[in-house]
Amino acid sequence: MDIVPIGPGFAAELRGVTLSDIASDDAAYAAARAAFEEHSVLVFRDQDVTDEIQLAFSRRFGPPEVTKVGSQGTGSHFVILSTIGPDGKVVPPDHRLSLRSKANQLWHTDSSFKRVPALTSILSARIIPAHGGETEYVSTRHAFERLDAPLRKRLENSFAWHDYAHSRKQIAPDLASAEERAALPAQCWRMVWKNPANGRGAIYLASHAYAVEGMEPAAGTKLIDELMAFATAPGTSYMHRWRKGDVVMWDNRATMHRGRPWPSHEARLMIRTTISATVADGVETMRPPSSQAAE
């Protein structure tokens, strides 16, 4: 297996290995896991991907999430990200599927709004547009390490509130349904996630973040906005241009990502599996000291 760096200090392509190799071979998994901890974003090209292969690969890294209510694939281990309607045609730009795709074009971290946040997401390209539709990544680990020491220390002991409805209402007021809002109450997480494997910290934020525990609302919003802008500054991102057979996985503890637009008349179908973070991944260190933290 060859590890080829492809981004600005993070992200790497793994060559000479398949998803099935990693799913079935302990040594291949160990090498891939070490690369994941180091590079945060891993790219696999020319893969023969099926749902079964993707899920077997995903399970190697931990327990797969069950897809939430309101998403395509609900109740399964797959999130179907598609602009193709039930009739097989591409939906119009004002359709709910298109609006949800637009919401994914905000910088975010998957599942920070859930009771158990995500370790990693694995995304496979099934149908890709001729132009556009890239996925862009930034390293919130590198962003954290660029901050001055006093702010790093402050953030390590600060907590932010995350809410699915908050990000969705930036696109449309009712994009998060009443059922989704009821199933996904706001969650509070430490603003720095330290990786147990290497001790390196990363800013833990997303477009779902809306408040900082203990701060006045305006001041908390300002801090979140400033950190988001800092982490996504020009020149800090890796842009993945999808090809047929591509699979990309990323560390939700140490990155943010966003989809990029594409011509609305062109179809796009991506399949995502998401792995929940466990104690071994540092999730318990992210919870507030008191589970009764006031919103």
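In this report, the structure presented in the accompanying data block is examined.

What counts and what doesn't
- Residues numbered from 1 in each chain as written.
- Predicted model: local features only at pLDDT ≥ 70, side-chain atom pairs only at ≥ 80, totals over all residues.
- Heavy atoms only, no water.
- Helix = DSSP H or I, 4+ residues; strand = E, 2+ residues; numbered from the N terminus.
- Rg over C-alpha atoms; globule rule 2.2 N^0.38 Å.
- Buried < 20%, exposed > 50% of the residue type's maximum accessible area, 1.4 Å probe, protein only.
- Contact = heavy atoms within 4.5 Å.
- Areas by Shrake-Rupley, 256 points an atom, 1.4 Å probe, with all protein chains shown as cover.
- Lys, Arg positive; Asp, Glu negative; His and termini not counted.
- Charge placed at Lys NZ, Arg CZ, Asp CG, Glu CD.
- Core = buried A, V, L, I, M, F, W, Y, C linked by side-chain atoms within 4.5 Å.
- Salt bridge = Lys/Arg side-chain N within 4 Å of Asp/Glu carboxyl O.
- Pairing = 2+ DSSP bridges.
- Axes fitted to C-alpha atoms, helices over the stretch in contact; angles between N-to-C directions.
- Expected span 1.5 Å × (residues − 1).
- Arc of directions from axis to C-beta.
- Phe/Tyr/Trp six-rings, centres within 6.5 Å; stacked < 30°, edge-to-face > 60°.
- Lys NZ or Arg CZ within 6 Å of the ring centre and 35° of its normal.

### A look at the overall build of the protein
- A tally of regular secondary structure across the protein gives nine helices and 15 strands.
- The C-alpha atoms of the protein give 18 Å as radius of gyration, which agrees with the globular expectation for 295 residues (19 Å, within 12%).
- Taking the principal axes of its C-alpha atoms as reference, the protein extends roughly 50 × 45 × 35 Å.
- Burial status across the protein gives 53% buried among its 295 residues.
- If you take every contact in the protein between residues at least 6 apart in sequence, the share linking residues at least 24 apart comes to 82%.
- On the protein, roughly 12,800 Å² of surface is accessible, and the fraction owed to carbon and sulfur atoms is 55%.
- Charge-centre separation for the protein: the mean point of 34 positive side chains lies 3 Å from the mean point of 34 negative side chains.

### Things to note about unusual backbone geometry
- Even without being a glycine, Ser40 presents a positive backbone phi close to 70°.
- By the element assignment, Ser40 lies in the loop between α2 (26-39) and β3 (41-44).
- With a relative accessible area of 1%, Ser40 lands in the buried category.

### Let's talk about the nonpolar core
- Formed by 26 residues in total, the largest nonpolar core has its most connected members in Leu14, Ile22, Leu42, Phe44, Phe57, Phe61 and Met249.
- Taken together, the elements giving at least two residues each to this core come down to β2 (12-15), α1 (19-24), α2, β3, β5 (118-127) and β13 (247-251).
- No other element matches the five residues that α2 contributes to this core.
- Excluding its chain neighbours within four sequence positions, the residues that come into contact with Met249 are Phe36, Ser40, Val41, Leu42, Phe44, Phe57, Phe61, Thr120, Ser121 and Ile122.
- Counting 20 residues, the second-largest nonpolar core is a separate cluster that includes Trp107, Leu147, Ala160 and Leu227.

### Here we look at the pattern of salt bridges
- For the structure shown, the criterion picks out 17 salt bridges.
- The partner of Lys68 in a salt bridge is Glu180, with the nearest N and O atoms 2.5 Å apart. In this pair, Lys68 is assigned in the loop between α3 (51-59) and β4 (79-82) and Glu180 in helix α8 (residues 178-183), connecting sequence segments 112 residues apart. For the pair formed by Lys68 and Glu180, the shared burial category is buried.
- Connected through salt bridges with shared partners, the residues Arg33, Glu37, Asp251, Arg253 and Asp281 form a single ionic network.

### Let's talk about the sheet that holds strand β11 (residues 209-212)
- Taken together, the three strands give an open sheet; going across it, the order is β8-β7-β11, and neighbouring strands pair in antiparallel fashion. At either end of the open sheet lies a strand with only one pairing partner, and these are β8 (187-190) and β11. Within this sheet the neighbouring strands show an average axis-to-axis angle of 35°, counted without direction.
- Strand direction decides the pairing type here: strand β7 (residues 159-162) and β11, joined by three bridges, are antiparallel. By the bridge assignment for β11, Ala160 is matched with Val212.

### A closer look at helix α9 (residues 217-231)
- The terminal C-alpha atoms of α9 lie 21 Å apart, and with 15 residues this matches the ideal 21 Å at 1.5 Å per residue to within 8%.
- Every buried residue of α9 is accounted for by Gly220, Leu223, Ile224, Leu227, Met228 and Ala231. One face of α9 carries all of its buried residues, which in axial projection span an arc of 130°. Of the residues in α9, the exposed ones pointing more than 90 degrees away from the buried face are Ala218 and Lys222.
- Contacts from the buried residues of α9 go to β6 (135-139), α5 (140-146), α6 (149-156), β10 (201-203), β11 and β14 (255-259).

### Things to note about the environment of Thr221
- If you trace the backbone, Thr221 turns up in helix α9.
- For Thr221, a relative accessible area of 35% gives the class partly exposed.

### As for the packing of aromatic side chains
- Inspection of the entire model under this criterion finds eight aromatic pairs.
- Between Tyr137 and Tyr238, the aromatic rings sit 6.3 Å apart at their centres with planes inclined by 15°, giving stacked as the arrangement. Of this pair, Tyr137 sits in strand β6 while Tyr238 sits in strand β12 (residues 237-240), and the two are 101 residues apart along the sequence. For the pair shown, Tyr137 and Tyr238 are each scored as buried.
- Owing to a relative accessible area of 0%, Tyr137 belongs among the buried residues under this scheme.
- Taken together through their ring pairs, the aromatic side chains of Tyr29, Phe36, Phe44, Phe57 and Phe61 make up a single cluster.
- Between Arg146 and the ring centre of Phe230, over which it is positioned, the NZ or CZ distance is 4.8 Å.

This is a description of form; function is not addressed.
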